[in-house]
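If you want the building blocks of each chain, they are given just below.
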Amino acid sequence: MSQDKPLVPPPLKNDCFALPAGTLWTPVSDALETLKGRLHTCVEQEVVPIKISLGRILAADVSAVRAHPPQPNSAVDGYGLRHADLLTGAQTLPLVEGRSAAGAPFEGIVPPNHAVRILTGATIPDGIDTVILQEDVTTDGHSIAFHGPLKRGANTRQSGEDVHADETILRKGRKLTPADLGLMAATGIGSVEVYKPLRVAVVSTGDELAEAGADVRADQIYDANRPMLLAMVAQFGFEPIDMGRAPDDREALRGYLDEAAIRADVILTSGGASSGDEDHMSALLNETQAMSTWRLALKPGRPLALGVWEGKPVFGLPGNPVAALVCTLIFAKPAMSVLAGQGWRLPEPLKVPASFSKNKKAGRREYLRAKLVEGRVVVFKSEGSGRISGLSWAEGLVELPDEALDVQEGSLVDYYPFSAFGL
Ligand code: AMP
Ligand code: MG
């Protein structure tokens with residue numbers, strides 16, 4: 001700095017988020033569009049038995065091998081009849097010998113003007129097209145008496161009425177649910193082509209950080225981000241890789257990134273993402289030329305350093321735990337979903353009446369820690385971005401748009417339960 005010029009303090013600003021003159025704020029939607037356009041699936045495929053496929057992402061469409069149900073069967077316990085034999089009013093029909101039960105079908109043809117005992121799930125015997133509920137008949141074991149008429153096909157399930165053979169039942173990119181496993185099993189599928197889980201390395205950076213539970217100096221703080229981010233990654237259905245804590249030392253951090261790039265498909269770091277003296281993450285990513293440091297028009301979570309290290313995308317998240325969580329949900333999650341084979345998907349908000357009021361200025365998007373109480377959304381008592389207790393208190397986020405907004409009690413606001421992000 002030149003000695004002859006006196007130091008002049010910057011003008012006072014009452015908004016602590018104001019940026020130095022000339023710095024552009026990137027709107028959240030622009031940042032998301034950029035991510036969406038630059039990423040593609042990066043994981044390999046494998047075939048696994050359906051019983052271990054829960055939460056995996058389909059690498060190809062799945063078609064039914066067999067119709068469901070495969071054959072016409074009875075929906076109830078009762079008696080099988082031929083609709084053409086039925087009268088209006090009271091009627092009696094003799095029963096044939098034998099019965100049709102699930103797994104033990106009636107062999108042969110039921111002759112005209114006869115009925116057959118039939119149980120739920122049993123194949124409808126030849127000669128029969130309709131079933132009467134057992135509660136609607138009286139029987140002596142040889143005949144049944146009942147009142148007509150009945151609808152043709154009553155109490156039966158038709159072959160393929162649920163799913164046809166060869167019908168596409170699940171699409172590529174779907175994350176398999178318990179019900180999907182049931183559907184695949186029912187339609188004759190024993191194994192399925194899925195993507196290998198996305199491997200996500202998590203690194204914390206900062207000389208002040210100590211491991212949870214360790215003895216600490218008074219000036220140290222516990223590393224809260226790493227356990228939180230590793231757990232989020234696991235809940236997203238990806239494979240967390242714990243890379244530990246890196247010091248605020250550029251060469252050491254370089255070593256962590258090298259190792260993470262070998263072991264993982266994507267790297268999440270927290271801390272050091274801004275442009276201060278000790279912000280080595282953004283400095284290192286800058287070296288790679290494949291870097292965007294976004295000053296996001298987002299509260300909480302201004303600095304987000306995005307780069308590619310040895311071919312692996314790196315999300316340099318803010319160190320502040322609240323900002324780290326919000327940036328992970330808003331940016332890293334949709335990006336990681338693309339890398340993992342799920343495609344680009346953003347959560348759908350619920351429109352819920354607010355149980356708070358807030359006058360929001362224009363210029364940046366805001367996320368408030370929130371939860372639903374009796375159908376209204378309440379927000380955490382403080383917007384302080386260091387208040388990690390509010391993250392634990394919250395069950396979701398309220399999103400306030402980039403524009404100015406005057407939220408009154410009862411105004412509809414966009415609420416995302418954490419489950420909408422896959423948590
Ligand atoms: P930084 O982005 O490195 O400037 O960090 C911003 C703030 O977040 C500082 O107060 C850090 O001490 C804090 N911080 C950074 N990393 C962590 C972490 N892993 N766990 C808890 N707090 C952190
Ligand atoms: Mg730091």
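Details of the structure are given in the entry above.
Predicted model, so just to flag it, every value in this text is computed and none were measured. (Residues numbered from 1 in each chain as written. Chains lettered and ligands numbered in written order. Predicted model: local features only at pLDDT ≥ 70, side-chain atom pairs only at ≥ 80, totals over all residues. Heavy atoms only, no water.)

A short note on the sheet that holds strand S6 (residues 115–118)
Item 1. The strand order across the open sheet formed by six strands is S7-S4-S6-S5-S9-S8, and the pairing between neighbours is mixed. The sheet terminates laterally at strand S7 (130–133) and strand S8 (138–139), the two strands that pair on one side only.
Item 2. Summarising the sheet, S8 and strand S9 (residues 143–148) pair through two bridges and their orientation is antiparallel. In the sheet register, Thr-138 faces S9, and the bridge partner there is Ala-145. (Pairing = 2+ DSSP bridges. Helix = DSSP H or I, 4+ residues; strand = E, 2+ residues; numbered from the N terminus.)

Here we look at the packing of aromatic side chains
Item 1. Enumeration according to the criterion identifies three aromatic pairs in this entry.
Item 2. If you follow Arg-117 out to its NZ or CZ, it ends over the ring of Tyr-79, 5.1 Å from the centre. (Phe/Tyr/Trp six-rings, centres within 6.5 Å; stacked < 30°, edge-to-face > 60°. Lys NZ or Arg CZ within 6 Å of the ring centre and 35° of its normal.)

Structural notes on the pattern of salt bridges
Pairs can form between side chains of opposite charge once their charged atoms are near each other.
Item 1. This model, assessed by the stated rule, comprises 22 salt bridges.
Item 2. The closest approach of N and O atoms between Arg-226 and Asp-223, which form a salt bridge, is 2.8 Å.
Item 3. Under the relative-accessibility criterion, Asp-223 is labelled buried at 4%.
Item 4. When the shortest N-O distance is used, the salt bridge between Glu-259 and Arg-263 registers 3.8 Å. In this pair, Glu-259 and Arg-263 both sit in helix H4 (residues 250–263), four residues apart, roughly one turn of the helix. (Salt bridge = Lys/Arg side-chain N within 4 Å of Asp/Glu carboxyl O. Buried < 20%, exposed > 50% of the residue type's maximum accessible area, 1.4 Å probe, protein only.)

Side note on the pairing of strand S4 (residues 78–81)
Item 1. When S4 meets S6, the two strands line up antiparallel, connected through three bridges. Bridging across to S6, Gly-80 finds its partner in Val-116.
Item 2. Pairing of S4 with S7, which is carried by four bridges, proceeds in the antiparallel orientation. Following the sheet pairing, Gly-78 is matched in S7 by Leu-133.

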